[in-house]
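# Architecture at a glance
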Amino acid sequence: MQMPTASADILSRKAEIMARLRQILPENAVIDDPFETKAYECDALSAYRCPPLAVVLPSSTEETAALLKACHEMKVPVVPRGAGTSLAGGALPTADSIILGVAKMADVLETNYADRYIRVQSGRTNLSITGAVETDGFFYAPDPSSQLACAIAGNIAMNSGGAHCLKYGVTTNNLLGVTMVTMQGEVLEIGGAHLDAAGYDLLGLICGSEGQLGVVTEATLRILAKPEGARPVLVGFDSNEVAGACVSDIIRAGVLPVAIEFMDRPVIRAAENFTHAGYPDVEALLIIEVEGSEAEIKEQLDTITKIARKHNPVELRESQSPEESATIWKGRKAAFGAMGQINDYMCLDGTIPVSQLPEVLRRITALSKQYGLGVGNVFHAGDGNMHPLILYDANKPGDLEKCENMGADILKLCVEVGGCLTGEHGVGMEKRELMHSQFNAEDLEVQMAVKDVFDPDWLLNPAKVFPLNASEARRS
Ligand SMILES: Cc1cc2nc3c(=O)[nH]c(=O)nc-3n(C[C@H](O)[C@H](O)[C@H](O)COP(=O)(O)OP(=O)(O)OC[C@H]3O[C@@H](n4cnc5c(N)ncnc54)[C@H](O)[C@@H]3O)c2cc1C
């Protein structure tokens, strides 16, 4: 994957740049020792690495504004960073850029149960948002599997989702407002503690903008009352395609489970060995969760199990206790990590119409044979958001390139069947060049014109999202 050549001019001005940054932040919040910047040379797409020029860790919106203003004046690119769990290389630096990390900004600023919102600094982790309100009977719905580590900043930038987003929607459906600093150092308040806002839907534009338009320092998030109860059912099948057809039928029937998660054999085995979740020995496994009162749970599960039985499942097991439910979810949430223990892999993130699941799973198996690379599938099946994990050997020359080509073919397949290149991980650096297969030149031009408005010098998060040839004139 190509990255632009670092600016020799910026590299030669490093001492001057560092002196200016140290005028703004305390000594321990500016890092340029190569040993320490190593921790920031990649995100969770760890196949690609590049140490940044330096790392800055502001503690407030004001410090962030002063930093961005200084970097703008010195014409130094800035890469915003939350927790660095992006699987799309969204937080990958260039050698001539400054990483601006929001990890020191993690406070809860306000909690309002009457109006059902919480205002936090953007470096706060996803899971700790629910942690701050759960004893009062509330929760924050979007639940990426990385929720223990990932920051709300990255969730907003990538419009992240999770297992329970089938019912509650993704980040954009649960975000009410942000404080965002532009590259010029202006502080913008967008949205607020209310539904919708007058004028253009700028909040909708910011959510999912991948650090291209500004640095989000604070967020107002919708919180919800915890449901009365919830129960998952495990449904095992002897083929991926049949499991896919079952998902498609459940959605068509108009039932809305809170989650429908899919795992195939390699992932089931890895997750089972890692967490002992009690998963059955099957080719494909669905975890279908419903919630509500006991009567609502029973009614929904009756409909779902009736549909599942038509597909001749080899296993159909309802959770019998909250402890068993937690164990079932523990396995699913640990699935990516479990696969990482046994193999190098690249995690894709395409979205397809749910009705296309059986066909796409069949063609992924064919591509796996064609390329000679294994694939594990684990994904949010209810909303058609697929995560094929392509297994490769990072130490074998040529394997990464083979994996990249196979990944590109799978994502093009998602577009071909009426889906798109990303469901929740974003485009980042990983899918940048594939944007040509989803958008024509005019579409890309309109999107880049939006960036021109917020960041006319194209200094924020360079070389991401837009194909290098399409953005070259602007970047240079
Ligand atoms: C094991 C594992 C499981 C995962 N599961 C899921 C999942 O279920 N669902 C899902 O959606 N994702 C998942 N992800 C991907 C990742 O966790 C999400 O994309 C997450 O939102 C990234 O958050 P982060 O704080 O780590 O952001 P980072 O990786 O630090 O950055 C991500 C992007 O956000 C931008 N950014 C960061 N901070 C700011 C800011 N303050 N202002 C503006 N832009 C900013 C960065 O420039 C970058 O483009 C998973 C990742 C891993 C490793």
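Criteria and thresholds
- The residue count restarts for each chain, going from 1 along the sequence in the order it is written.
- Residues qualify for local features only when their pLDDT is at least 70, as the model is predicted, and side-chain atom pairs are given and counted only at 80 or more; totals for whole chains, interfaces and linings, by contrast, use all residues.
- Runs of E in the DSSP output that reach at least two residues are strands. Runs of H or I that reach at least four are helices, and both are numbered from the N terminus.
- We compute the radius of gyration from the C-alpha atoms alone; for a globule the expected value is 2.2 Å times N to the 0.38, where N is the number of residues.
- Residues are defined as contacting one another if the C-beta atoms placed from their backbone atoms lie within 7 Å.
- Put plainly, near means the residue's C-beta atom, positioned from the backbone, lies within 6 Å of the molecule or strand in question.
- Polarity classes work like this: nonpolar for Ala, Val, Leu, Ile, Met, Phe, Trp, Tyr, Cys and Pro, charged for Asp, Glu, Lys and Arg, and polar for all others, with Gly in that last group.
- Domain start and stop points were drawn from an automatic or database domain assignment.
- Two strands form a pair only when DSSP identifies at least two bridges running between them.
- For every element, the axis is a line fit to its C-alpha atoms; helices are fit only across the contacting stretch, and the angle between N-to-C directions ranges from 0 to 180 degrees.
- We call a set of buried Ala, Val, Leu, Ile, Met, Phe, Trp, Tyr and Cys residues a nonpolar core when their C-beta atoms link them within 7 Å.
- Exposed residues have 12 or fewer other C-beta atoms within 10 Å of their own C-beta, buried residues have 20 or more, and partly exposed residues fall in between, where C-beta atoms are placed from the backbone.
- A helix's residues, less one, multiplied by 1.5 Å, set its expected span.
- Here, the arc refers to the directions that run from the helix axis to the C-beta atoms.
- Orientation labels follow simple angle bins: below 35 degrees gives roughly parallel, above 145 gives roughly antiparallel, 65 to 115 gives roughly perpendicular, and whatever is left gives oblique.
- Crossing handedness is read from the near helix: turned anticlockwise from the far helix by less than a right angle, it gives a left-handed crossing, and turned clockwise, a right-handed one.

## Focus: the overall build of the protein chain
Each helix and strand in the protein chain was counted, giving 18 helices and 20 strands. Here the C-alpha radius of gyration of the protein chain, 22 Å, is about what a compact globule of 476 residues would show, namely 23 Å. Projected onto its principal axes, the C-alpha positions of the protein chain cover 70 × 55 × 45 Å. Contacts in the protein chain between residues far apart in sequence, at least 24 positions, make up 73% of those at least 6 positions apart.

## Topic: the site of the ligand
Around the ligand there are 38 residues in total, and G82, G90, G154, A157 and G211 lie nearest to it. Going through the elements one at a time, β3 (78–81), α6 (152–158), β10 (215–222) and α13 (335–342) are the ones with two or more residues in the shell around the ligand. With five residues, α6 is the largest single contributor of residues to the shell around the ligand. Across the shell around the ligand, the residue classes tally to 16 nonpolar, 18 polar and four charged. Summarising the domain contributions, the shell around the ligand has at least three residues from each of domain 1 (8–101) and domain 2 (108–225).

## Points about the sheet that holds β3
Pairing within the open sheet is mixed, and its four strands lie in the order β1-β2-β4-β3. Whereas interior strands pair on both sides, the edge strands pair on one side only; in this sheet they are β1 (30–31) and β3. Of the strand pairs in this sheet, β3 and strand β4 (residues 98–101) are connected by four bridges, and their pairing is parallel. Note on β4: the bridge partner recorded for V79 is I99. Along the sheet, helix α4 (residues 61–74) contacts β2 (54–56), β3 and β4; its crossing angle with β4, the most-contacted strand, is approximately 165°.

## Topic: the sheet that holds strand β8 (residues 175–181)
Strand order in the open sheet formed by five strands is β5-β6-β10-β8-β9, and the pairing between neighbours is antiparallel. On the outer flanks of this sheet lie β5 (108–112) and β9 (187–191), each paired with one strand and no other. Taken pair by pair, the neighbouring strands of this sheet meet at an average axis angle of 10°, ignoring direction. For β8 and β9, the ladder comprises five bridges, and the chain directions are antiparallel. Paired with V181 across the bridge in β9 is V187. Across the sheet, helix α5 (residues 126–133) touches β5, β6 (117–121) and β10, and the angle it forms with β6 is around 130°.

## Some remarks on the domain arrangement of the protein chain
When cut into domains, the protein chain gives domain 1 (8–101), domain 2 (108–225), domain 3 (229–336) and domain 4 (343–416). With 16 residues of domain 1 at the contact, the number on the domain 2 side is 21 residues. Mapped onto the side of domain 1 that touches domain 2, the elements with two or more residues apiece are α4 and β3. Within the side of domain 1 that touches domain 2, the residues separate by chemical class into eight nonpolar, seven polar and one charged.

## A closer look at the nonpolar core
Ranked by internal contacts, the top residues of the largest apolar core, which has 133 residues, are V78, L221, V247, L286 and I390. Take this core: its biggest share by element is six residues, from strand β14 (residues 284–292). Here V247 is in contact with I260, F262, L286, V354, L357, A381 and G382, once residues within four sequence places are set aside.

## A word on helix α11 (residues 294–309)
Taking 1.5 Å of rise per residue, the 16 residues of α11 would be expected to cover 22 Å, and the 22 Å separating its terminal C-alpha atoms lies within 8% of that figure. Within the sequence span of α11, burial applies to Q300, L301, I304 and A308. Mapping the buried residues of α11 onto a view down its axis gives an arc of 100°, with all of them on the same face. Along α11, the residues that are exposed and aim more than 90 degrees away from the buried face are A295, K298, D302, K306 and R309. Looking at the buried residues of α11, the elements they touch are β12 (229–237), α9 (240–252), β14 and β15 (315–318).

## Topic: the pairing of β14
Burial analysis of β14 places seven of its nine residues in the buried class, the great majority of the element. For strand β13 (residues 259–264) and β14, the ladder comprises six bridges, and the chain directions are antiparallel. In the strand pairing of β14, D264 is matched with A284.

## Concerning the packing of α9 against α11
With their axes 9 Å apart at the nearest point, α9 and α11 run at an angle of 140° to one another. Considering their axes alone, α9 and α11 lie oblique with respect to each other. Crossing of α9 over α11 shows right-handed handedness. Here C246, D249 and I250 of α9 lie close against α11, whose contacting residues are I304, I307 and A308. Class assignment for the residues of the contact of α9 with α11 results in five nonpolar, no polar and one charged.

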